[in-house]
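Letter by letter, the chains look like this.
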Amino acid sequence: MLNINNITVCLNGRNLLKEINFDLDENDFMVLLGGNGAGKSTLLKTLARSLPYRKGQILFRGENLAYWSQVELSQQRAVLSQNTFLVFPMNVIDVVLLGRYPYTQGGKPNAKDVTIAYELLDLMGVAKYAEEDITCLSGGEQQRVHIARVLAQVWESSLANPKLLLLDEPTSNLDIAYQHILLELLQDRVQKHGLTVLAVLHDMNLAARYATQIALLKEGKLLTVGRPQEVLTTDWIQRTFGVSSIIQAHPIFDCLQVSTY
Amino acid sequence: MAPTKGSISIVVQLSLLLLGTVFLSLCVGAYSISFQEIISVLGSWLTAKEVDESSLFLIGQIRLPRIALGLLVGAALAISGASIQIVFRNPLAEPGLIGVSSGAMFFAAGFIVLKDYLPFDLGLWGHYIGLSIAAFLGGLLATVFVYRLSTTGGRTAVSIMLLAGVAITALGGGLTGVLIFYATEAQLRDITFWSFGSLSGSNWGIVGLLTVVITMAILGIVKSAKQLEIMQLGDQEASYLGVEVEQIKKQVVIWVVLMVGICVAFTGLIGFVGLMVPHLVRIYFKEASFAKNIVYTGFLGAILLSFADMVTRTIVAPAELPIGILTALLGAPFFLWLLVKQKSIR
């Protein structure tokens, strides 16, 4: 789905990313982990095509990302940035319907667009605010609306032809219940309906439980990429975050559990 | 709920209000004209019936073009405000406050003074068109300057935007002051007229020119309404949704500056309309669709400015208060109120 070959990103004379290489396969749920300033957001923005890279090449569906037209790209991938906010009042449902713009191109949203929008508002637990002004909601609720918006953009995806979703700290403002609701929803979409997800998270245990792939970043370098069982080891965690950890099998779920100290 | 169903009835109501304002404006003034007389004059154009020459002249050549100019300028300034607020993603952006108007005024004043040094006579239309182009260029220069200075990565630093506007307004005022030294008596009158703003220079020629330019500009902005609506999410988010943000911004800014420039060229500095009207529309109609917002904003701007003009024509009759003074008296407290409101949000 995405082939990242030798990407170097340089901003204001600083190398933010150094020779990054990895592939993101279709229907994978990859989580980017790393300390502050490791380059997680920079990598995500570069893959979203909003930061220029100095060296290397990014292929999206085998074609150079730079050659994709803006409209075609918007129909194949959605991006959630950190801290998206609206300055002017807008109803919650209208915000989610903006996620359907790539398909309506300025026309009136049809019945299917509206159904998708309401379904997502319901899944993110904000359907009761549908007709309310988004700027009056709390930070976490606003974030849930924006998550619904980006999901609406890639909702019609299939296992054979999955769309791409890039999420920069989607759980940062969410309470613990909604962190699980969101990640479970993403997992379900990836496994049953087809979707490729690349998300920046901070919580290793959430990554352990929901991700199919984990990438570790430190100081602009990609340390390793692999399945959670391969990557979540005391050694890698020490190298990535500089903390000690104990790794055990999760008592209930078929995944690892990390305790850091 | 966004009043989707009600949008037609809103437009009908606004049209009625507009019509009412027009009739009232026709009646009142330094000489009042009765309603019957207006009907008979308007009817005479259809039936070629004889009517009093002086009322015919007053209505046809003085009041009507002036009202038409008020409607056009009001709509143009209000829509400019609404559009530039989205481009800057800030409710405090306004063509007057960010220096567009004074940039336009300085260039227009420069044109007035310099055109006398031209070896040939431009004629009336050459004068109108030259004045419009000069105002457009001045406004464009100011806008590009303020935008470059205050916006990085799609985020506008409000303080820099407003301060740059202050600086440009001061610079424009200063440079216009320099021009005054070189101006003749007649040019001086023109320049003074600009700095207060007035609709008194209206005639059907100006109305025709403004109708063409402003209609084009409004249609140009309406064409990008959906993209502007998405740009409320921020530049990056809009581009993720497939909007060619830079292209839309450039187009919209050019249309806005064209409208504001031509309004300034013929009516001078009429401030705060672009600040107040979009805000009133937002709180009153709560409409998400930017296309509909533009329509409501245009109507309300037209109504408010022609109403304000009627007040300025009558309040100190037979003299006249420059309309820019009235809009400033109303707008400045409104601006302060908006600032306080912004402060309480942060």
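Computed from a prediction, not measured in an experiment: that's the story for all the values here.

Topic: the overall build of chain B
- Each helix and strand in chain B was counted, giving 14 helices and 2 strands.
- Scaling as 2.2 N^0.38, a compact globule of 346 residues should have a C-alpha radius of gyration of about 20 Å, and chain B matches this with 20 Å.
- Split into buried and exposed, the 346 residues of chain B put 48% on the buried side.

What about the overall build of chain A?
- Within chain A, the secondary structure is distributed over 10 helices and 12 strands.
- The buried share of chain A, reckoned over its 261 residues, is 43%.
- Sequence-distant contacts in chain A: of pairs separated by 6 or more residues, those separated by 24 or more amount to 66%.

What to know about helix α2 (residues 35-47) of chain B
- Helix length check: α2(B), at 13 residues, gives a terminal C-alpha distance of 18 Å against a target of 18 Å (1.5 Å per residue), a fit within 8%.
- Sparse coverage of α2(B) is indicated by the burial of 1 of its 13 residues.

Structural notes on the confidence of the model for chain B
All names here are of chain B.
- Here chain B shows a mean pLDDT of 87. Residues at 70 or above account for 96%.
- Mean pLDDT across the elements of chain B ranges from a minimum in strand β2 (residues 155-156), with 69, to a maximum in helix α8 (residues 204-223), with 95.
- In the model output, the complex is listed with pTM 0.89 alongside ipTM 0.93.

Here we look at the sheet that holds strand β6 (residues 77-80) of chain A
Residue and element names in this part refer to chain A.
- Pairing within the open sheet is mixed, and its 6 strands lie in the order β6-β7-β8-β3-β9-β10. The strands lining the two open edges of the sheet, one partner per strand, are β6 and β10 (221-226). Sheet twist, expressed as the mean angle between neighbouring strand axes with direction ignored, is 15°.
- Across 5 bridges, the pairing between strand β7 (residues 164-168) and strand β8 (residues 196-200) is parallel. Bridge assignment links Leu 165 to a residue of β8, and that residue is Val 197.
- Sitting on the sheet, helix α10 (residues 234-241) is in contact with β3 (29-34), β9 (213-218) and β10, with an inclination near 155° to β10.

Quick word on the environment of Gln76(A)
Residues and elements named next belong to chain A.
- Mapped onto the elements, Gln 76 comes out in helix α2 (residues 70-76).
- Judged by C-beta crowding, with 18 C-beta atoms within 10 Å, Gln 76 ranks as partly exposed.
- Measuring from C-alpha to C-alpha, the distance between Gln 76 and Gln 153 comes to 8.2 Å, with 77 residues separating the pair along the chain.
- Residue contacts for Gln 76: discarding those within four places in its chain leaves Lys 163 and Leu 164.

Quick look at the sheet that holds strand β1 (residues 2-11) of chain A
All names here are of chain A.
- Here we have 4 strands laid out as an open sheet, ordered β2-β1-β4-β5, and antiparallel in their pairing. Edge positions in the sheet fall to β2 (14-24) and β5 (63-64), since each has one partner strand and no second.
- Relative to β5, strand β4 (residues 55-60) runs antiparallel, the two being bridged by 2 bridges. Residue Phe 60 lies in a different strand from β5, and its bridge partner there is Glu 63.
- Together, β1, β2 and β4 form the strand contacts of helix α1 (residues 40-47), whose direction differs from that of β2 by roughly 65°.

Re the interface of chain B and chain A
- Opposite the 20 residues of chain B that make contact, chain A presents 21 residues.
- Counting only elements with at least two residues in the side of chain B that touches chain A, the list comes to α9 (225-231) and α10 (235-240) of chain B.
- Take the side of chain B that touches chain A: its biggest share by element is 4 residues, from α10(B).
- When the residues that make up the side of chain B that touches chain A are grouped by side-chain class, the tally is 8 nonpolar, 6 polar and 6 charged.

Regarding the pairing of β1(A)
Residues and elements named next belong to chain A.
- The pairing of β1 with β2 spans 7 bridges and is antiparallel. Opposite Ile 7, over in β2, you have Ile 20 as the bridge partner.
- The turn linking β1 back onto β2 is made up of 2 residues, and Asn 12 within it adopts a positive phi angle of 50°.
- Of the pairings in the sheet, the one linking β1 to β4 comprises 5 bridges and is antiparallel in character. Bridge assignment links Ile 4 to a residue of β4, and that residue is Ile 58.

Quick look at the nonpolar core
- Within the largest apolar cluster, 179 residues are counted, with the highest numbers of intra-cluster contacts made by Val96(A), Ala148(A), Val197(A), Ala108(B), Ala135(B) and Met259(B).
- Among the elements that take part in this core, helix α3 (residues 53-88) of chain B stands out by supplying 17 residues, more than any other.
- Dropping the residues within four chain positions of it, Met259(B) is found in contact with Ala76(B), Ser80(B), Ile214(B) and Ala217(B).

Observations regarding the packing of helix α5 (residues 123-150) of chain B against helix α6 (residues 158-182) of chain B
Residue and element names in this part refer to chain B.
- Between α5 and α6, the shortest axis-to-axis distance is 9 Å and the interhelical angle comes to 145°. For the element pair α5 and α6, the recorded crossing hand is right-handed. Residues Ala 142, Phe 145, Val 146, Leu 149 and Ser 150 of α5 touch α6, and the partners they reach there are Ile 160, Met 161, Ala 164, Gly 165 and Ile 168.
- Across the contact of α5 with α6, the residue classes break down as 8 nonpolar, 2 polar and no charged.

Some points on the packing of helix α4 (residues 100-114) of chain B against helix α11 (residues 245-267) of chain B
Residue and element names in this part refer to chain B.
- Two elements in contact, α4 and α11, have axes whose closest approach is 9 Å; the angle formed by their N-to-C orientations is 55°. Looking at the two axes, α4 sits oblique to α11. Where α4 crosses over α11, the handedness of that crossing is right-handed. Together, Val 100, Ser 101, Ala 104, Met 105 and Ala 108 of α4 and Val 257, Val 260, Gly 261, Val 264 and Ala 265 of α11 make up the contact between the two elements.
- A per-class count over the contact of α4 with α11 returns 8 nonpolar, 2 polar and no charged.

As for the environment of Leu305(B)
All names here are of chain B.
- Looking at the secondary structure, you find Leu 305 in helix α13 (residues 290-314).
- Taking the C-alpha atoms as reference points, Leu 305 and Ile 39, separated by 266 residues in sequence, lie 23 Å from one another.
- Once you skip the residues sitting within four places of it in the chain, Leu 305 turns out to touch Gly 70, Val 73, Gly 74 and Val 273.

With respect to the pairing of strand β11 (residues 245-249) of chain A
All names here are of chain A.
- Within β11, only 0 of the 5 residues are buried, which leaves it mostly out in the open.
- Two strands pair when backbone bridges link them, and β11 and strand β12 (residues 256-260) are joined in this way by 5 bridges, in the antiparallel orientation. Residue pairing across strands places Ala 249 opposite Leu 256, the latter belonging to β12.
- Connecting β11 to the antiparallel partner β12 that follows it, the hairpin turn spans 6 residues.

Observations concerning the environment of Ala199(A)
Residues and elements named next belong to chain A.
- By secondary structure assignment, the location of Ala 199 is in strand β8.
- When the C-alpha positions of Ala 199 and Val 31 are compared, they lie 4.9 Å apart, and in sequence the two are 168 residues distant.
- In contact with Ala 199, other than residues within four places in its own chain, are Val 31, Leu 167 and Pro 170.

Parameters at a glance
Residues numbered from 1 in each chain as written. Chains lettered and ligands numbered in written order. Predicted model: local features only at pLDDT ≥ 70, side-chain atom pairs only at ≥ 80, totals over all residues. Helix = DSSP H or I, 4+ residues; strand = E, 2+ residues; numbered from the N terminus. Rg over C-alpha atoms; globule rule 2.2 N^0.38 Å. Buried ≥ 20, exposed ≤ 12 C-beta atoms within 10 Å, placed from the backbone. Contact = placed C-beta atoms within 7 Å. Expected span 1.5 Å × (residues − 1). pLDDT = per-residue confidence, 0-100. Pairing = 2+ DSSP bridges. Axes fitted to C-alpha atoms, helices over the stretch in contact; angles between N-to-C directions. Nonpolar A, V, L, I, M, F, W, Y, C, P; charged D, E, K, R; others polar. Core = buried A, V, L, I, M, F, W, Y, C linked by C-beta atoms within 7 Å. Left-handed = near helix turned anticlockwise from the far one by under 90°. Parallel < 35°, antiparallel > 145°, perpendicular 65-115°, else oblique.

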